[in-house]
Amino acid sequence: MKQAVAEAALTYVEAGTIIGVGTGSTANFFIDALARIKNRIDGTVASSLATEKRLKSHGIPVLELNEVDGLSVYVDGADESNHYLQLIKGGGGALTREKIVAAASRKFVCIADESKLVDMLGAFPLPIEVIPMARSFVAREMVKLGGKPVYREGFTTDNGNVIIDVHNLEIMEPAKLEAELNNIPGVVTNGLFALRPADVLLLGTPNGVRTVT
């Protein structure tokens with residue numbers, strides 16, 4: 001199913017443009033599919049060092065975001081999506097760069113299997129990227145919000161920071177919570193993609209790809 005949605009996402013790739021590419025197992029299927037049409041695009045911007053490495057292994061040009069004016073489309077997976085295409089991302093730890101690349105793109109196409117579509121976000125622990133010295137402070141703030149913060153041990157982001165995964169949240173107002181969390185000192189960003197949700201959700205199902213807009 002991941003392969004099917006990755007193939008379907010190719011239809012959103014415009015010839016002669018630069019595109020953003022996400023991180024994770026579903027995004028990897030997209031990268032492998034993109035390799036077949038790499039000559040049609042002018043380049044890519046990667047949302048992680050792992051993605052950059054995979055793109056380059058296929059001979060797909062990778063550019064720095066600072067070198068380009070903007071991106072035509074961003075293709076990435078998600079850990080959860082609600083019916084408004086607001087997402088939780090960051091299970092792989094690349095949430096900050098993913099959020100930046102998504103914001104720089106005209107269209108955000110999310111690819112996932114149908115199990116990721118939920119009525120309410122929060123069953124998947126919400127990742128928060130934190131400056132190391134603020135880890136304990138931010139964790140205490142999460143407890144005040146009713147969450148159960150768990151430090152992701154042994155993991156450092158591409159930006160040199162740490163991740164706290166917050167369990168036990170029932171996220172009724174994702175955009176409001178996203179803004180609130182980002183205002184906590186020491187938080188780099190959080191894994192809610194609600195202020196800039198996906199524009200299209202391609203869901204892999206046993207009966208083919210379902211498009212949600």
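I will try to describe carefully the structure that is included in this document. Per-chain numbering applies: the sequence of each chain, read as written, is numbered from 1 onward. In keeping with the model being predicted, local features are shown solely for residues with a pLDDT of at least 70 and side-chain atom pairs are shown and tallied solely at 80 or more, while totals for entire chains, interfaces and linings include all residues. Side-chain figures throughout are based on the complete set of non-hydrogen atoms in the structure, without hydrogens or water.

## Some points on the packing of aromatic side chains
Right, so step 1: Two rings from Phe, Tyr or Trp (for Trp, the six-membered ring) form a pair when their centres sit within 6.5 Å of each other. Planes less than 30 degrees apart are called stacked, planes more than 60 degrees apart edge-to-face, and all others tilted. Applying the stated rule across the entire model yields two aromatic pairs.
Right, so step 2: When the centroid spacing of 5.2 Å and the interplanar angle of 45° are considered together, the rings of Tyr74 and Phe108 count as tilted. With Tyr74 in strand β3 (residues 71–76) and Phe108 in strand β6 (residues 105–113), this residue pair connects regions lying 34 residues apart in the sequence.
Right, so step 3: Any Lys NZ or Arg CZ found within 6 Å of a ring centre and within 35 degrees of that ring's normal is scored as a charge over the ring. One Lys or Arg, Lys99, reaches over the ring of Phe193 and ends 5.1 Å from the middle of that ring.
Right, so step 4: Above the plane of the ring of Phe155 lies Arg152, whose end atom (NZ or CZ) is 5.3 Å from the centre. In this description a helix means any DSSP run of H or I spanning at least four residues, a strand means any run of E spanning at least two, and both kinds are numbered starting from the N terminus.

## Re the environment of Glu7
Right, so step 1: Looking at the secondary structure, you find Glu7 in helix α1 (residues 2–9).
Right, so step 2: Along the primary structure Glu7 and Val209 are separated by 202 residues, whereas in three dimensions their C-alpha atoms are 9.7 Å apart.
Right, so step 3: Setting aside residues up to four positions removed in sequence, Glu7 forms contacts with Ala33 and Arg36. We call two residues in contact whenever any of their non-hydrogen atoms come within 4.5 Å of each other.

## A short note on the pairing of β6
Right, so step 1: Most of β6 is tucked away, with seven of its nine residues classed as buried.
Right, so step 2: As paired elements, β3 and β6 share five bridges and run parallel to each other. When the sheet's bridge partners are listed, Asp76 is paired in β6 with Cys110.
Right, so step 3: The pairing of β6 with strand β12 (residues 200–205) spans five bridges and is classified as parallel. From the neighbouring strand, Ile111 faces β12, where its bridge partner is Leu202. Using a 1.4 Å probe on the protein chains alone, a residue whose accessible area is under 20% of its type maximum counts as buried, one over 50% counts as exposed, and one in between counts as partly exposed. For two strands to be treated as a pair, DSSP must find at least two bridges joining them.

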